Every structure is written in C-alpha cells, then in structure tokens.
Amino acid sequence: MKKFFGLFGFVFLLLASCQNAHSTKDHGQKSAEKTEAELKSQAQLIVQFSSQALLEKLQKSIEDQGLTGAVDFCKLEALAITDSLSLAFGVDIKRVSAKNRNSANAPHGEDKKYLDQFENQGELAVPVLVQVKDKYTYFAPIRVAGALCLNCHGMLNETMTSQQFEHIKESYPEDKAFGYSLGDLRGMWKITYN
Ligand code: HEC
C-alpha cells in the first residue's frame, strides 16, 4: 500500500510532461511529430506505472488473503484502480482482452484489429500510437509475463488448481481468461487521450 502511494511522486512528473506535450501541439509539422513521439513515450510510462501498481496490489493481496482471496480482490479493485489512475493521469486507461474474465474488458470498435495484429506479430509485437479523428490512442500488448499469472489464467490441473478454477467460475461464470501459457498474449493496454 505504502509503496503504491510512493509511486505517486512519479505521477506528478508525468503530469508535468503531459502539459509540455500539449503546449507544443499547434507548432507545425515538425513539432506535431515531436508531440506524437512525446504522447507515445508518455503512454508508455503510464502503462509501466499502471502495470506496476496493479502487480504490487495483486502480490500484496495474495500475501494477505491467499490466491482465492486475491480473486475477490481483483473483482472488487482492478477496474477501480485503473479508473483512479485514469483520473490521475487525465487519460482513459483500459485493459482489453478478447478472452476476457470481466466482460467490461471486452474489445470495442477498432480494438479487435490491434489485438489480432499483436497476436499475428507474435514476439515481435510492439506498442502503437494511432490517431482516430482528433483522438490519439496507444495500444500495448500484455503478456503472461510470469508463473504468478498462471495461478489464475493457466491450464486447469496443470498450472491452475481445480479449487482456484472453481472459485473463479463462481465469480465469473462466463470466464474466458484461462488456458494460457507463459509468454502468451493476454490482452492489451489501451490508453486514450481525450
Ligand atoms: C489471483 C488471481 C489472478 C492472478 C494471479 C492474475 N490475475 Fe489477471 N485477472 C484476475 C481476475 C479476477 C480478473 C478480472 C478483474 C476484473 O473483474 O476487473 C483478471 C483480469 C485480468 C486482465 C483484464 C482482462 C480480463 O480478462 O478481464 C488482464 C489483462 C490480466 N488479468 C492479466 C494478468 C497478468 C498478466 C497476470 C500476471 C502478472 C495476472 N493477470 C495475474 C485474476 C488474476
């Protein structure tokens, strides 16, 4: 908890850099390009920060409440955390997956196109910044980065116990977010500048 709030010093640095990016917006082609690069690196930092924040909270809740308790924690808190980070950063932060656990994280509009692109690119998949009308959106792949993830997103009776599987099914009867292996694409971050 303490560590999570400690990370907020970082938010202020980011917010300061957001303002710089916007103030250069109308200065012709060259700085417009620079602005895109800035928006991209800013979104990259937001993704790093948000992943770290979620991971720390998840690890803490596993320590405190065990693996099944941590599922209840994710159900209550995961969206609340990304929503409060969205407010703090002044952008819209979402995690999107076609094989989602929470249907609130299902793809919309153009999302599927970028999920498919990342899937097809395999290990070579890299984040992209795209402009639709006057809005910039940044998409970045989310991978099953460690064995930790497999406890709740892995293969039944191999990396995920049946007790864990049953507990997850109780909360998420429509769950699609299991059967993964290490390194698989789990979904993507979607950062939208409003
Ligand atoms: C303790 C169980 C648990 C662990 C460990 C876990 N998750 Fe999840 N994950 C969940 C739950 C529960 C949700 C649904 C959260 C919600 O309702 O918003 C979820 C949702 C997600 C989502 C959002 C898309 C969706 O399926 O709804 C992503 C992406 C994700 N997890 C990735 C990961 C990654 C990567 C790791 C490893 C670093 C990981 N998870 C570890 C339980 C877990």
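Details of the structure are given in the entry above.
Residues numbered from 1 in each chain as written. Predicted model: local features only at pLDDT ≥ 70, side-chain atom pairs only at ≥ 80, totals over all residues.

### Comments concerning the pairing of strand S2 (residues 128-132)
For S2, the buried fraction is low: 0 of the 5 residues fall into the buried class. As judged from the 5 bridges shared by S2 and strand S3 (residues 135-143), these two strands associate in the antiparallel manner. Looking at S3, one finds that glutamine 131 is bridged to tyrosine 136. Connecting the antiparallel pair S2 and S3 is a turn made up of 2 residues, with lysine 133 showing a positive phi of about 55°. (Buried ≥ 20, exposed ≤ 12 C-beta atoms within 10 Å, placed from the backbone. Helix = DSSP H or I, 4+ residues; strand = E, 2+ residues; numbered from the N terminus. Pairing = 2+ DSSP bridges.)

### Some points on the site of the ligand
Every one of the 27 residues lining the ligand counts as a neighbour, but Ala70, Cys74, Asn102, Cys149 and Cys152 are closest to it. Going through the elements one at a time, helix H3 (28-89), helix H5 (147-153) and strand S4 (185-193) are the ones with two or more residues in the shell around the ligand. Take the shell around the ligand: its biggest share by element is 9 residues, from H3. When its residues are assigned to classes, the shell around the ligand shows 15 nonpolar, 8 polar and 4 charged. (Near = placed C-beta within 6 Å. Nonpolar A, V, L, I, M, F, W, Y, C, P; charged D, E, K, R; others polar.)

### Details of the nonpolar core
Judged by nonpolar contacts, the single largest core of 19 residues is most densely connected at Ile46, Met188 and Ile191. For this core, the secondary structure elements donating two or more residues are H3, strand S1 (91-96), helix H4 (111-121), S3 and S4. Contact partners of methionine 188, with chain neighbours within four places excluded, come to Val96, Tyr114, Leu115, Phe118, Phe139, Ala140, Pro141 and Ile142. If you look at the next biggest cluster of nonpolar residues, it comprises 9 residues, including Ala70, Cys74, Met160 and Ile168. (Core = buried A, V, L, I, M, F, W, Y, C linked by C-beta atoms within 7 Å. Contact = placed C-beta atoms within 7 Å.)

### Focus: the sheet that holds S4
Taken together, the 4 strands give an open sheet; going across it, the order is S1-S4-S3-S2, and neighbouring strands pair in antiparallel fashion. Sheet topology places S1 and S2 at the edges, where each strand pairs with a single neighbour. Across this sheet, the average inter-strand angle for adjacent strands is 20°, counted without regard to direction. The sheet contacts of H4 involve S1, S2, S3 and S4, and relative to S4 the element is tilted by about 135°. (Axes fitted to C-alpha atoms, helices over the stretch in contact; angles between N-to-C directions.)

### With respect to unusual backbone geometry
In this structure, lysine 133 is a non-glycine residue whose phi angle is positive, near 55°. Within the fold, lysine 133 resides in the loop between S2 and S3. The exposed category is assigned to lysine 133, around which 4 C-beta atoms lie within 10 Å. Residue asparagine 157 is not a glycine yet carries a positive backbone phi of 65°. When you line up the elements, asparagine 157 lands in the loop between H5 and helix H6 (162-171). Residue asparagine 157 is classed as exposed on the basis of its C-beta count, with 9 C-beta atoms lying within 10 Å.

Geometric values such as these leave the question of function open.
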